[in-house]
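# Residue-level structural notes
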Amino acid sequence: MKKILITGALGQIGSELTEKTRNIYGAENVIATDIRKTDSPIVTSGPFETLDVTDAQAMADLAKKYNVDTIIHLAALLSATAEAKPLLAWNLNMGGLVNALEVARENQCQFFTPSSIGAFGPSTPKNQTPQDTIQRPTTMYGVNKVSGELLCDYYFQKFGLDTRGLRFPGLISYVAPPGGGTTDYAVEIYYDAVQKGRYTSFIDAGTYMDMMYMPDALNAIVDLMEADPAKLIHRNSFNVSAMSFEPEQIAASIKKVMPTFTMDYDVDPIRQGIAESWPNAIDSSAAIAEWGFKAQYDLDSMTQDMLTKLNDKLN
Ligand code: AKB
């Protein structure tokens with residue numbers, strides 16, 4: 001049985017991944033950590049510890065205390081926040097990652113950390129973006145993500161650490177909100193649809209980005225961690241996407257369920273610039289071939305589920 005330490009466990013991915021892994025591997029075998037303690041059910045449904053990932057000794061102590069054999073390192077700043085606070089982003093995103101890798105090396109842990117479509121830049125092919133291609137991002141977040149992919153490759157090659165990762169697109173969920181991301185508009189739009197019946201998009205019409213519904217992202221993490229290592233050619237990190245759309249298409253999908261829904265635009269130049277530097281649609285074929293990646297949800301089935309779940313949650 002695995003003994004998993006999760007950093008950033010109260011964040012957008014962590015909140016749901018902690019619950020899912022506790023269901024699979026046993027609540028006592030998943031140690032949730034985050035820089036802050038909230039009233040989230042994660043804090044009480046299994047072991048929880050406060051942890052600042054830039055504190056290497058504190059992370060090492062926790063790994064020893066719980067005798068962990070797997071680290072899932074999620075704590076990081078997202079793209080828009082990283083652009084506003086680039087030095088903090090470097091220190092947190094890179095400092096936290098190298099600390100987590102060192103703890104994994106000392107304890108011979110299996111290791112997962114997410115990369116992102118943000119690891120690509122304006123000189124990357126925009127459509128069907130290949131698994132192996134030009135990566136010259138122009139954002140601090142992207143610089144962190146490419147560096148992180150390389151660092152994880154290095155720990156695998158140099159120390160034999162079982163590092164694995166996914167290049168996530170925008171992740172959409174109704175449980176914990178994202179914070180400070182460029183793709184956040186595709187989450188906000190559902191909240192505003194349910195609460196106000198309209199949405200003002202900070203991303204401009206015609207801007208395509210890859211997206212995925214959270215249940216597919218969680219399955220992808222578990223499936224990659226369980227995959228036969230002999231079959232993995234690319235470890236850090238696999239392109240994975242379930243859909244690509246622009247704001248008019250997500251609005252049209254919502255209108256199929258809520259015909260009175262309306263959308264207008266107030267474009268944020270910073271986040272629009274980040275979005276334009278990213279691919280329109282990435283190619284997930286390496287993930288499909290090497291460990292059987294498959295997404296269940298497309299735009300309309302995600303919209304149906306999001307609106308149903310948010311109606312239950314908010315009304
Ligand atoms: C962001 O928008 O920063 C993230 C991402 C795509 O990595 N959701």
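Summarised in this report is the structure supplied together with it. Predicted model only: the values in this text are computed from it and were never measured.

Scoring rules and cut-offs
- Residues numbered from 1 in each chain as written.
- Predicted model: local features only at pLDDT ≥ 70, side-chain atom pairs only at ≥ 80, totals over all residues.
- Heavy atoms only, no water.
- Core = buried A, V, L, I, M, F, W, Y, C linked by side-chain atoms within 4.5 Å.
- Buried < 20%, exposed > 50% of the residue type's maximum accessible area, 1.4 Å probe, protein only.
- Contact = heavy atoms within 4.5 Å.
- 1 Å grid on protein atoms, 1.4 Å probe; cavity = no way out; pocket = protein on both sides within 12 Å on 5 of 7 lines; lining within 4 Å.
- Points joined across faces, edges and corners; volume = space filled by probe spheres on them.
- Helix = DSSP H or I, 4+ residues; strand = E, 2+ residues; numbered from the N terminus.
- Nonpolar A, V, L, I, M, F, W, Y, C, P; charged D, E, K, R; others polar.
- Near = heavy atom within 4 Å.
- Polar contact = N/O pair within 3.5 Å; in protein donor to acceptor, adjacent residues only side chain to side chain.
- Areas by Shrake-Rupley, 256 points an atom, 1.4 Å probe, with all protein chains shown as cover.
- Sits in = over half its atoms within 2 Å of the grid points.
- Pairing = 2+ DSSP bridges.
- Phe/Tyr/Trp six-rings, centres within 6.5 Å; stacked < 30°, edge-to-face > 60°.
- Lys NZ or Arg CZ within 6 Å of the ring centre and 35° of its normal.

## Notes on the nonpolar core
By size, the foremost hydrophobic cluster in this structure holds 62 residues, and its most contacted members are I172, Y185, Y190 and F245. With sequence-adjacent residues up to four places away left out, Y185 is seen in contact with Y199, S201, F202, I203, M209, M211, F245, E246, P247 and I250.

## Considerations on the layout of surface pockets
What the largest pocket holds in volume is close to 1,100 Å³. Along the walls of the largest pocket sit 50 residues, with G11, Q12, L74, A76 and L78 positioned nearest its centre. Elements that contribute at least two residues to the lining of the largest pocket include exactly α1 (12–25), β2 (30–34), α3 (79–84), β6 (115–116), α5 (140–159) and β10 (170–172). Among the elements that line the lining of the largest pocket, the one with the most residues is α1, at five residues. Its residues assigned to classes, the lining of the largest pocket comprises 25 nonpolar, 19 polar and six charged. When residues of the lining of the second largest pocket are assigned to their parent elements, the largest contribution, six residues, is made by α5.

## Details of the site of the ligand
Around the ligand, the structure places L78, S79, S116, I117, Y141, P169, G170, G181, T182, T183 and W278. Contacts to the ligand include S79, whose side-chain N or O atom sits 2.5 Å from an oxygen atom. One of the side-chain N or O atoms of S116 is found 2.6 Å from an oxygen atom in the ligand. When the free accessible area of the ligand is taken as 250 Å², the share hidden by the protein chains comes to 93%. Here the ligand occupies the largest pocket.

## Re the sheet that holds β6
Pairing is parallel in the open sheet, where three strands are placed in the order β6-β9-β13. Two strands bound the open sheet, and with one partner strand each, they are β6 and β13 (238–239). Taken together, the two bridges between β6 and strand β9 (residues 166–168) define a ladder with parallel strand orientation. Note that in β9 the partner of S116 across the bridge is F168.

## So, the environment of L166
Here L166 is to be found in strand β9. Sequence separation between L166 and F112 is 54 residues; the distance between their C-alpha atoms is 8.5 Å. Setting aside its immediate chain neighbours within four residues, L166 contacts F112, T113, P114, S115, S116, A220, I221, L224, S237, F238, V240 and W291.

## Points about the packing of aromatic side chains
Under the definition given, this model contains seven aromatic pairs. Seen in terms of ring centroids, Y154 and F159 are 6.1 Å apart; in terms of plane orientation they differ by 90°. Their pairing is edge-to-face. The exposure class of Y154 is partly exposed, given its relative accessible area of 40%. Residue class for F159 comes out partly exposed when judged on its relative accessible area of 38%. With 4.8 Å between their ring centres and 75° between their planes, Y213 and Y297 make a pair best called edge-to-face. Here Y213, found in strand β12 (residues 209–213), pairs with Y297, found in the loop between α10 (285–291) and α11 (299–314); they are 84 residues apart in sequence, far enough to count as distant. Relative accessible area serves as the criterion here: at 1%, Y213 is assigned to the buried category. Of the residues examined, Y297 reaches a relative accessible area of 25% and is grouped as partly exposed. Members of the aromatic cluster, each reached through a chain of ring pairs, are Y154, Y155 and F159. Seen from the ring of F159, R105 lies directly overhead, with NZ or CZ sitting 5.1 Å from the centre. We note R235 situated over the ring of F156; from NZ or CZ to the ring centre the distance is 4.1 Å.

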